[in-house]
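The residues making up each chain are set out below.
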Amino acid sequence: MDPIITSTLCVGGIGLASAAALAVAEKYLSVKEDPRIAKVAEMLPGANCGGCGYAGCADYARKIVNDNVDLTLCAPGGPECANTIAAFLGRAAGAVEKRVAIVLCCGDDTAAARRAAYNGITDCAAAQATAGGDKACAYGCLGYGSCARVCPVNAIAIVNGIAKVDKALCIACGKCVDVCPRKLIKLVPAAADIHVLCSSKDKGPVVKKVCGTGCIGCRICTKFADEGSIVMDGFLAVADYTKRLTNEEVVAKCPSHCIRKDGAGNAETAAAS
Amino acid sequence: MTTIRSPHTFRGGIHPAYNKDLAAGAAIRELPTPARLTVPMSQHLGAPAKPVVKAGDMIKAGQLIGEQNGFISAAVHAPAGGKVAAIDSAVTASGRACAAVVIETDGSAERQAMPALTEWRGVDRKELSARVGEAGVVGMGGAGFPTRVKLSPPSDKPIDTVILNGAECEPYLTSDHRMMVERAREIRDGAEIIRHILGAKCLRVAIEDNKPDAIAAIEQAFADMDGDVAVAVLKTSYPQGSEKQQIYSVTGREVPRGGLPMDVGCVVENVSTAFAVWDAVVNGEPLTRRVISVTGDAVAGPSNLLAPCGTLYADLVAACGGIKGKAAKIISGGPMMGFAVGSLDVPTGKTASGLLLLSAGKVTCFTSQACISCGRCVDACPMRLAPAELSQFIEADDIGGAEGIALMDCIECGSCAFVCPARRPLVQHMRRGKAAVMARRAAAKRG
Ligand code: SF4
Ligand code: SF4
Ligand code: SF4
Ligand code: SF4
């Protein structure tokens, strides 16, 4: 027989046999994916930020449908998204509070001193590994922008030597929180608008030497703040975000001006409001 | 006892300006005990020691103040007697904070040591290395690996060669050099103890050929030692003092990737460590002080000081006549592998071999540029890595990619950055990359 005919028959035969096998497999072996998964995935924002703890939006959708995991884990989607999915699946949404990242340091280059000239690579961890960082304050923001580089939505800018989060852009994925070598960034309720922007645990005189706007541990704020909304951690005033802090008087009373209200001379929220 | 010119030399390396003449001629001078010592609990590789004294305690010189805390860890003893003022936190030269025992010294001469042991030859090897551990002896060349661990290799790794590292290839530093010139006899006895503990037949003292007086002193002191003993004179080249490079230069053996010197039957100990071993075994003295070179063109009187561990750098500089002019850069250790420090309020430790103060004229602030693919870093790297490629992986945050081309083999010697015409901060990239790999491995371990 002509080799062309032989090979055509052979290849065609293999093709037919495989097609038959596939048809059988399709009928008896196929795994049916719940059609709701695709729908839920569509309802998620598609940011694929991983902030929920799963490998992207599709994976989270699968876990929601198959394993009944919490609906409130998607920070970018927020309560709206959780409610939509809840309505679709006939489940209770649970309360989601929108959160945003905040950098707990306000010692920018006009207020806080640098103790050495750092001439290395632009990375906060690398600067920290060089003699413990060039900032005179051992707690403050180094300003080399490692957080800004990992932010998937470009919500962080370095302003005057320190990092500032744009509240309106932040999707609370938490990537910046993990990367900051000085552990300065916290996720807080977006509704909170008065913050203690300092992380220095040093005593007042030590703080004063290195930063013009650091918390000196005078405790004045605890007297004006709403009950329990500012607590002392040693020599540092810390906002307790489980309580509401609304009394704006604390802002004016802080002698170091490290308690600030969003939007008031505060670059991060000037853009947001 | 013979002297051999080493026929081998490792591949790569560099020839920086050595600047050793600043302090090489300065005899070791004992620093009077400062009024206050800040003794860090982390003066070695591994877990920091656990403080065993509390504020208010009266302690004697030589008393245990921090106990060994794990297998890779070392004990810390009081360098001087006095009162414990506080258990505080101190930032060490590496920039990391650790617990520190602050002692207000009282100048008393009373010491607490283990009983002396001159007849060590008949003593069990295990007992001897335990004694070395009890005295808190660690590698004094820089890394601070606990000597007790090095002296007890597993039984399937027989050691046939002990190399005493007297290369001191770091520019400026002269502490080991002075030790060899002035304490050759004690180093010899320490070497004999190390050789005995390890049951090695061969002993080599590796010294670079730019230190003829040290070679002569060692030759003389070791002349009466029996067995296969020789001074191995090495070509002056940086990093000749690095363990793997030195083993190759002295024996021609190559430590396999990821392996240890014991995989090729070698143990390398710094000459100052040999001195500390002698002091611990024979005199029962714990390691609480060491010789440190305080040098650089911004020091009024460059010196080699025998100082208690826990002395602040500021006290060392004051003892050398203070700062000459203005110091633009302060480095703990040598200029190649040392750590830049941000202040003089940093305490010394067992591994602090030098303190370098440089004037603005000696320091250049480079602006780094893109790699021009010249390949000089590849030629210079003594570990045969491709620093240019590694640094680009790390810059692009592809840590896995860098790990795949042997990032973890980098010894951070700085040869690549030294030769780079584009002034790329290559070592800093390596350090950052290695830290990222370590963090990733630790996270994987935690699961
Ligand atoms: S600011 Fe931080 S938490 Fe907010 S989106 Fe950026 S990386 Fe995520
Ligand atoms: S917040 Fe942290 S990571 Fe961001 S610039 Fe400041 S120190 Fe760097
Ligand atoms: S890559 Fe590492 S081992 Fe190689 S020259 Fe550079 S610092 Fe040294
Ligand atoms: S020496 Fe510098 S410029 Fe040359 S290849 Fe290496 S990194 Fe690139």
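K.L.:
Just checking my understanding: could you explain unusual backbone geometry for this structure?
P.N.:
In terms of backbone geometry, most residues other than glycine have negative phi values and most peptide bonds are trans. Residue P239 of chain B follows Y238 of chain B across a cis peptide bond; omega there is 0°. Turning to its location among the elements, P239 of chain B is positioned in the loop between β12 (228-234) and α6 (243-251). In this structure, N48 of chain A is a non-glycine residue whose phi angle is positive, near 50°. Given 16 C-beta atoms within 10 Å, N48 of chain A falls into the partly exposed group. Within the chain, N154 of chain A stands out as a residue other than glycine whose phi angle is a positive 55°. Take N154 of chain A: it is sitting in the loop between α6 (146-150) and β2 (156-159).

K.L.:
Before we go on, may I ask you to explain the site of ligand 4 in this structure?
P.N.:
Residue and element names in this part refer to chain B. Surveying the vicinity of ligand 4 reveals 14 residues, the closest of which are C371, C374, C377, A388 and C420. Among the secondary structure elements, those contributing two or more residues to the shell around ligand 4 are α9 (376-380) and α10 (387-395). Across the shell around ligand 4, the residue classes break down as ten nonpolar, two polar and two charged.

K.L.:
I tried to follow the site of ligand 3 on my own but got confused; where do I start?
P.N.:
Residue and element names in this part refer to chain B. Among the 15 residues in the neighbourhood of ligand 3, the closest are listed as C381, C410, C413, S415 and C416. Secondary-structure elements contributing two or more residues to the shell around ligand 3 are α12 (415-419) and α13 (426-446). The leading source of residues in the shell around ligand 3 is α13, at three residues. For the shell around ligand 3, the class distribution of residues is twelve nonpolar, two polar and one charged.

K.L.:
How do you make sense of the domain arrangement of chain A when you look at a structure like this?
P.N.:
Quoted interface sizes are often the accessible area lost when the parts come together. Residues and elements named next belong to chain A. Examined at the domain level, chain A breaks down into domain 1 (35-89) and domain 2 (99-270). With six residues of domain 1 at the interface, the matching set in domain 2 holds six residues. Along the lines of polarity and charge, the residues of the side of domain 1 that touches domain 2 split into four nonpolar, two polar and no charged.

K.L.:
Could you clarify how one ought to interpret the sheet that holds strand β18 (residues 354-358) of chain B in this entry?
P.N.:
Whether parallel or antiparallel, the strands of a sheet pair through hydrogen bonds between backbone atoms. All names here are of chain B. Sheet architecture is open: six strands sit in the order β2-β15-β14-β18-β16-β17, paired in mixed fashion. The sheet terminates laterally at β2 (28-30) and β17 (339-340), the two strands that pair on one side only. In the sheet, strand β14 (residues 289-295) pairs with β18 via three bridges, with the strands oriented parallel. Counted as the bridge partner of T295 is L356 from β18. Contacting β2, β14, β15 (303-308) and β18, helix α3 (residues 175-182) crosses the sheet at an angle of about 125° to β14.

K.L.:
What should I look at first to understand the domain arrangement of chain B in this one?
P.N.:
Residue and element names in this part refer to chain B. Domain boundaries assigned for chain B yield domain 1 (2-24 + 116-283) and domain 2 (376-446). Computed from C-alpha coordinates alone, the two centres of domain 1 and domain 2 are separated by 28 Å. Taken together, the eleven residues of domain 1 in the interface contact eleven residues of domain 2. Residue composition of the side of domain 1 that touches domain 2, grouped by class: five nonpolar, four polar and two charged.

K.L.:
Which parts of the structure should I look at to understand the interface of chain A and chain B?
P.N.:
With twelve residues of chain A in contact, the opposing surface of chain B contributes 14 residues. For the side of chain A that touches chain B, a count of residues per class yields six nonpolar, four polar and two charged.

K.L.:
Please clarify how the environment of V150 of chain A should be interpreted in this entry.
P.N.:
Residues and elements named next belong to chain A. Mapped onto the elements, V150 comes out in helix α6. In the structure, V150 is positioned 28 residues away from D178 in sequence and 9.8 Å away in space, judged by C-alpha atoms. Other than its neighbours up to four places away in sequence, V150 contacts K175, C176 and V179.

K.L.:
Mind showing me how you'd approach α13 of chain B here?
P.N.:
At 3.6 residues per turn, the α-helix brings residues three or four places apart onto the same side. With 21 residues, α13 of chain B ought to run about 30 Å at 1.5 Å a step, and its terminal C-alpha atoms sit 30 Å apart, in line with that. Every buried residue of α13 of chain B is accounted for by L426, V427, Q428, H429, M430, R431, R432 and G433 of chain B. Against α5 (124-129) of chain A together with α9, α10, α11 (399-404) and α12 of chain B lie the buried residues of α13 of chain B. Just downstream of α13 of chain B, G447 of chain B is the residue with a positive phi angle, here 85°.

K.L.:
How do you make sense of the nonpolar core when you look at a structure like this?
P.N.:
A general feature of soluble globular proteins is that nonpolar side chains tend to end up buried together. Core analysis: the largest hydrophobic core is formed by 126 residues, its most contacted members being I218 and V277 of chain B. Broken down by element, the residue count for this core peaks at eight residues, all from helix α7 (residues 271-283) of chain B. In terms of nonpolar packing, the next biggest core, distinct from the first, is built from 72 residues, A126, C137, L197 and A239 of chain A among them.

K.L.:
What's the story with α6 of chain B in this structure? I'm lost.
P.N.:
Residue and element names in this part refer to chain B. Of all the nine residues making up α6, nine are buried; the element is thus mostly covered by neighbouring parts of the structure. Tucked inside the fold, the buried residues of α6 contact β10 (161-165), β11 (202-208), β12 and β13 (266-270). Positioned one or two residues after α6, G252 has a phi angle of 80°, which is positive.

Conventions we followed
Residues numbered from 1 in each chain as written. Chains lettered and ligands numbered in written order. Predicted model: local features only at pLDDT ≥ 70, side-chain atom pairs only at ≥ 80, totals over all residues. Helix = DSSP H or I, 4+ residues; strand = E, 2+ residues; numbered from the N terminus. Buried ≥ 20, exposed ≤ 12 C-beta atoms within 10 Å, placed from the backbone. Near = placed C-beta within 6 Å. Nonpolar A, V, L, I, M, F, W, Y, C, P; charged D, E, K, R; others polar. Domains from an automatic or database assignment. Contact = placed C-beta atoms within 7 Å. Pairing = 2+ DSSP bridges. Axes fitted to C-alpha atoms, helices over the stretch in contact; angles between N-to-C directions. Expected span 1.5 Å × (residues − 1). Core = buried A, V, L, I, M, F, W, Y, C linked by C-beta atoms within 7 Å.

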